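Geometric and topological summary
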Amino acid sequence: MFLCSPSRQALAAVILVSTHAASAVAADTSSSVTAFEPGYFASAQPVSALDIVKLVPGFRLEEGDSELRGYSGAGGNVLVDGQRPPSKEDALEDVLKRIPAGSVERIELIRSGAGYDMQGYTLLANVVRSHAQSLSGRIEGTYANYRHGYDAPRLAGELRHVAGDHILDLSGAIYRDIDNEHGFGSRDRVTEDGTPVRLGVYGQPEGDNIREILGSYQLPLAGGTARLNGLYKMKKMFANIDEQVTFPTPYDASGTERVNTESTEMGFHYDRAIGARSQVELLALRRTTGINGTDRSFVPGGDDVTRENSDGSETILRGVLRQKAGNISLEGGIEGAFNVLDSHSALEEDGIDIPLPAASVRIEEKRAETFFTAAWHISGALTVEAGSRYETSTLTQSGDSALRKSLSFIKPRVLVRWAPSPRDEIRVLFERSVGQLDFADFVGSASLTSGSVTAGNKDLEPDSLWRTELAWERRIGKGSVVVTARNESISDVVDRIPVVTDSGVYDAVGNIGSGRRQELQFDFNLPFDPVGLAGVALQGSGLWRRSRVTDPVTGERRRISEDLPLEAKVSLTHDIARWHTRWGLNYVHAEKKTKFKIDEVEIDRVPDRLDAFIEYKPDTAWTLRAFAKNLTSSPAVRTRSIYTGLRGSTPIRYIERRELNSGPYVGFTIQRTFGG
């Protein structure tokens, strides 16, 4: 536990004072691993491992990106029992929600040099589970109701069986997600001076019906530990569109969007100690994704249809060797991947096929990456980590357009971690990062909702950047504050460009030259116990972002498409232990995302959101939770400025403003754990 002197003023007390916990942390910020026992979080009455991880001082949960090809960086910054969750498809928040708080033995906050595969993260949280119970599990039921008539039921369950070194985990869920940024409202078009072009009432409720089952089996094998895992997931997206045009000529239009996505995953993971100081880790993973989508639009006198069919697969083989040599930790490895996408798009207007640019494409990628990292513990307070990755790949494209090209990149990285005091840590990071090409950007597509066609671009290159980052972490009793400043110099920025084909000029994803991005991030976790507000805590984060690039159409400087200038959220919770109750408020600041297409500027504004919940635990097994979301009931607004031709050289044809609101909605969750 870290102790410091109390302040005379309330706010200063929150920042400087710490209190004694039932169980203290095992080490300070100068250690590579800091352990937090269950008693450290007991006053917050956590329900799941997710609740606990969010309370770890200085830690910010990062999901990773399951769409990244390959394994590095795709799994996020949380480990479970020292290993990353077995499935790339399974979101970290879902993994942690399935682990009851009662089964968590401790949380380990891991820094560089501790002998773990950091995969580019400066911090990892390791959830260590107890194996005391041979059989444990959880059952959850949730129901939410929206005012526009849709509901969102959920039924989920987990089962865990431990028999010595053999561990079986099974989980499954069937549920519906409703997109609360869509709903009912209006979609109007006006000229630049505000003269109405078209007015109407518009509705577009959207959601997903999802079924999934996951399983993993861990067993001893050849002196090490092996784990087999599998996943099956079916997601059926639906959107029902209804429009009643009132001006200038009244008419009714409708449409439907249906996209079925079927995903499978099979994996094998093996690790084994080699002597007292070395460890080897092997991974094999196979994923498949099949997408079948159909959009239909019905207007007086005509019907339009778009179809999308694609099959993708990813096969990964990875090997890693780690070794400790005194105060130096070494890690090296190699990863190979083979990726395939076979995609077909079609547009039909009134029964007539309309050609799309690069509508049928098959893409294959063979990729290999070697990596090496060394971490030097110069002292208890100073660690230097340095390493590099070398990536090489060959892409082959066939179908409506042919392509073969090879890419290679060197990605060095240096991280310095210095703890000048038990409560402070300063981190300096310098690295090169290279983006990944989205195979979908190679394929042409059409949207009936927006009335636009996007071309595929076979000449697309991945962006790369040099990043410099400075972070300061300050422990505040059982809380923390982290301030991070970041600067990125970007080459081959991926944005929007015009693509010329035999049938015309189309908007497409492409490279637009060099750019810059600066970010300032603030994360905090502040318990208010030191000022007499027992059980009250404030958590949140803020990210200010500024980016600049030259627009390829107008030649003007602007921000990079889809960069959010500001992201911010804050949560206030109050745990009342004597009543076995916990309540809270969650606020998310409004967001604004701008996309600069060649002939339009699209701005999406998501309003401020306020959610509330109250949770009651009559005993250690049962949890009852009621919640209300989107209490602000503000509409999500999309504004599209449509030009008659290229932006900058032609006038605005019209401005379309779409406002959709799902309204506030309420629901409840009942959860029962056993054996934990």
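The structure we're discussing is the one just above.
Residues numbered from 1 in each chain as written. Predicted model: local features only at pLDDT ≥ 70, side-chain atom pairs only at ≥ 80, totals over all residues. Heavy atoms only, no water.

Time to look at the overall build of the chain. Across its full length, the chain carries three helices and 38 strands. Taking 2.2 N^0.38 as the reference for a compact globule, 676 residues should give roughly 26 Å; the C-alpha atoms of the chain span a radius of gyration of 26 Å, in line with that estimate. With the C-alpha coordinates of the chain rotated into their principal frame, the extents come out at 70 × 55 × 50 Å. Per-residue burial for the chain yields a buried fraction of 48% across its 676 residues. Entry remark: accessible area of the chain is about 30,000 Å², with carbon and sulfur atoms responsible for 56%. If you average the places of the 80 positive and of the 91 negative side-chain charges in the chain, the two averages end up 5 Å apart. (Helix = DSSP H or I, 4+ residues; strand = E, 2+ residues; numbered from the N terminus. Rg over C-alpha atoms; globule rule 2.2 N^0.38 Å. Buried < 20%, exposed > 50% of the residue type's maximum accessible area, 1.4 Å probe, protein only. Areas by Shrake-Rupley, 256 points an atom, 1.4 Å probe, with all protein chains shown as cover. Lys, Arg positive; Asp, Glu negative; His and termini not counted. Charge placed at Lys NZ, Arg CZ, Asp CG, Glu CD.)

This next bit is on a nonpolar patch on the surface. Together, L135, L159, L168, L170, Y217 and L228 make up a nonpolar patch on the protein surface, roughly 470 Å² of accessible area in all. Residue placement: L228 occurs in strand 11 (residues 224–247). (Patch = residues over 30% accessible without salt bridge, like charges linked within 9 Å, V, L, I, M, F, W, Y side chains within 5 Å. Salt bridge = Lys/Arg side-chain N within 4 Å of Asp/Glu carboxyl O.)

The next thing to look at is the sheet that holds strand 25 (residues 494–501). Reading across from one edge, 21-22-26-25 is the order of the four strands in this open sheet, with mixed pairing throughout. Edge positions in the sheet fall to strand 21 (445–447) and strand 25, since each of these pairs with one other strand and no more. Taking the axes of each pair of neighbouring strands and ignoring which way they run, one obtains an average angle of 35° across the sheet. In terms of strand pairing, strand 22 (residues 452–455) meets strand 26 (residues 504–511) through two bridges, oriented parallel. From the neighbouring strand, A455 faces strand 26, where its bridge partner is A508. (Pairing = 2+ DSSP bridges. Axes fitted to C-alpha atoms, helices over the stretch in contact; angles between N-to-C directions.)

Before going further, it helps to spend a moment on the sheet that holds strand 4 (residues 123–129). An order of 1-3-4-2 is seen for the four strands of this open sheet, with the pairing classed as mixed. Each having just a single partner strand, strand 1 (33–36) and strand 2 (78–80) make up the two edges of the open sheet. Along the sheet, successive strands turn relative to each other by an average axial angle of 20°, direction set aside. Examined bridge by bridge, strand 1 and strand 3 (residues 104–111) share four bridges and lie antiparallel to one another. Looking at the pairing, A35 lines up with E108 of strand 3.

This next bit is on the pattern of salt bridges. In this structure the tally under the stated criterion is 60 salt bridges. With a shortest N-O distance of 3.3 Å, E265 and R287 are connected by a salt bridge. On the criterion of sequence distance, the pair formed by E265 in strand 12 (residues 251–274) and R287 in strand 13 (residues 278–299) is long-range, its members being 22 residues apart. Residue E265 shares its accessibility class with R287, and that shared class is buried. For E431, the salt bridge goes to R467, with nearest N and O atoms at 2.5 Å. Here the residue E431 occupies a position in strand 20 (residues 424–434), and R467 occupies one in strand 23 (residues 464–476), the gap between them amounting to 36 residues. Judged by its relative accessible area of 15%, R467 is buried.

Time to look at the environment of V33. Tracing the chain through its elements places V33 in strand 1. C-alpha separation for the pair V33 and L109, spaced 76 residues apart in sequence, amounts to 5.5 Å.

Turning our attention to a positive patch on the surface. The grouping of K54, K97, K569 and K629 at the surface amounts to a positive patch. Residue placement: K54 occurs in the loop between helix 2 (49–53) and strand 2.

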